[in-house]
Amino acid sequence: MMSCTPSHSSRPFYFGSNFKMHKTTAEVRAFVAFLKETAAVYPGVQLFILPPFTTLGGLVDIPRPANVWIGAQDMHWADSGAYTGAISAPMLRDVGADLVMVGHAERRVLFYDTDQDLNKKILNALRHDLRVLLCVGETAEQRGYGTTEETLATQLRIDLHGFDPRALDRLMIAYEPVWAIGEGSQEATPAEIEPAVQFIRGRLVALFGEAGQTIPILYGGSVNAQNCMPYIHSTSVDGLFVGRAAWQPEGFLSVLKAALSARQTVTS
Ligand code: PEP
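Residues numbered from 1 in each chain as written. Predicted model: local features only at pLDDT ≥ 70, side-chain atom pairs only at ≥ 80, totals over all residues. Heavy atoms only, no water.

*Asks:* Got a sec to walk through the pattern of salt bridges? Specific residues and values, please.
*Replies:* According to the stated counting rule, one finds 14 salt bridges in the structure shown. The partner of lysine 121 in a salt bridge is aspartate 74, with the nearest N and O atoms 2.8 Å apart. Linking lysine 121 in helix α5 (residues 115-127) with aspartate 74 in the loop between β3 (68-72) and α3 (89-94), this pair joins segments that are 47 residues apart in sequence. Its relative accessible area of 8% is what places aspartate 74 among the buried residues. Each of Asp74, Arg107, Asp113 and Lys121 takes part in a single network of salt bridges with overlapping partners. (Salt bridge = Lys/Arg side-chain N within 4 Å of Asp/Glu carboxyl O. Helix = DSSP H or I, 4+ residues; strand = E, 2+ residues; numbered from the N terminus. Buried < 20%, exposed > 50% of the residue type's maximum accessible area, 1.4 Å probe, protein only.)

Put into structure tokens, the structure is as follows:
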């Protein structure tokens, strides 16, 4: 395979997948081997996957390049304690995780994670040197009432309360409109995505000053190889966060290739 780096920007392109409650350790190990090959071909791309907790310990012995991050789909805010079923930041560090996602819509809706909970998780993740992928996004109802901006503003303000600006290089945001995620959802158009992404950027600058410009904003929600090119052409996202379409190496690669070819044509 030829080496290929996106030509139009010195900022890395971010590309990752949330495996949700899918895959065995053997399957994820095979995926990591594929990711390492892919990372060598696309050195300007920061790749990451979020496999289930149970597989993370089985990945510790696989050395990986700096442009491959492996992360967890959630964590508890306490280091240890009487929290049956939960996993803490020190436990994630123990198994070599680079990153933790917080605030995925399924956590917010199905497990009742509040913004206050997410804030505690984020601050504790930072204490343990984990990178954080914070998911934000409005529901269909909130969009319908015209409260998308209020929703995003509240999520960002509370979730990032007290975030040390010196740790901003460890923060990524995924804009994931709840109505556009998962099976049976509605695909968002770039015209629906871009104002929200611009709004998020504005809030990050309001919270952190000019440093807020450097925080990567990814888009996620039913992205696939067929629909991803307009997202790159017509929005200001720094990367893509993909579920179903990237659960298999072939799918992961075909979405990545389509996104990178769109990215090259944007400024060439
Ligand atoms: C997700 O659940 O975060 C997601 C982006 O999933 P999908 O791409 O399958 O909509």
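*Asks:* Give a description of the pairing of strand β6 (residues 171-175) that names residues and reports values.
*Replies:* Looking down a regular strand, the side chains alternate between one sheet face and the other. The buried count for β6 comes to 5 of 5 residues, which makes it a mostly enclosed element. A two-sided burial pattern is seen for β6, the buried positions comprising Leu171, Ile173 and Tyr175 on one face and Met172 and Ala174 on the other. Pairing geometry for β6 and strand β7 (residues 217-220), over 3 bridges, is parallel. Pairing of alanine 174 across the sheet is with leucine 218, part of β7. This β-α-β element, β6 to helix α8 (residues 190-208) to β7, shows right-handed connectivity. (Pairing = 2+ DSSP bridges. Right-handed = clockwise from strand over helix to strand, strands pointing away.)

*Asks:* Got a sec to walk through the sheet that holds strand β8 (residues 239-242)? Specific residues and values, please.
*Replies:* Around the barrel, 8 strands lie side by side as β1-β2-β3-β4-β5-β6-β7-β8; this closed barrel has parallel pairing. Across the sheet, the axes of successive neighbouring strands diverge by a mean angle of 25°, strand direction being ignored. Bridge analysis of strand β1 (residues 13-18) against strand β2 (residues 45-50) gives 6 bridges, and the strand direction is parallel. Following the sheet pairing, asparagine 18 is matched in β2 by leucine 50. (Axes fitted to C-alpha atoms, helices over the stretch in contact; angles between N-to-C directions.)

*Asks:* Mind laying out a nonpolar patch on the surface, listing which residues take part and the relevant values?
*Replies:* Together, Val109, Leu110 and Phe111 line one region of the surface with nonpolar side chains, adding up to about 310 Å² of accessible area. The class of leucine 110 is exposed, set by a relative accessible area of 55%. (Patch = residues over 30% accessible without salt bridge, like charges linked within 9 Å, V, L, I, M, F, W, Y side chains within 5 Å. Areas by Shrake-Rupley, 256 points an atom, 1.4 Å probe, with all protein chains shown as cover.)

*Asks:* Could you give me a rundown of the packing of aromatic side chains, with the residues and numbers involved?
*Replies:* Under the defined criterion, the tally for this structure stands at 11 aromatic pairs. Ring centres of phenylalanine 31 and phenylalanine 252 lie 5.5 Å apart, and the angle between their planes is 80°; this geometry places the pair in the edge-to-face category. Pair noted here: phenylalanine 31 is in helix α1 (residues 25-41) and phenylalanine 252 is in helix α10 (residues 249-267), with a separation of 221 residues, a long-range link. Here the two residues phenylalanine 31 and phenylalanine 252 agree in accessibility, since each one is buried. Summarising the aromatic geometry, the rings of phenylalanine 163 and phenylalanine 208 are spaced 6.0 Å apart at their centres and angled 70° between planes, so their arrangement reads as edge-to-face. Placement of phenylalanine 163 in the loop between α7 (148-159) and β6 and of phenylalanine 208 in helix α8 is noted, with a sequence separation of 45 residues between them. (Phe/Tyr/Trp six-rings, centres within 6.5 Å; stacked < 30°, edge-to-face > 60°.)

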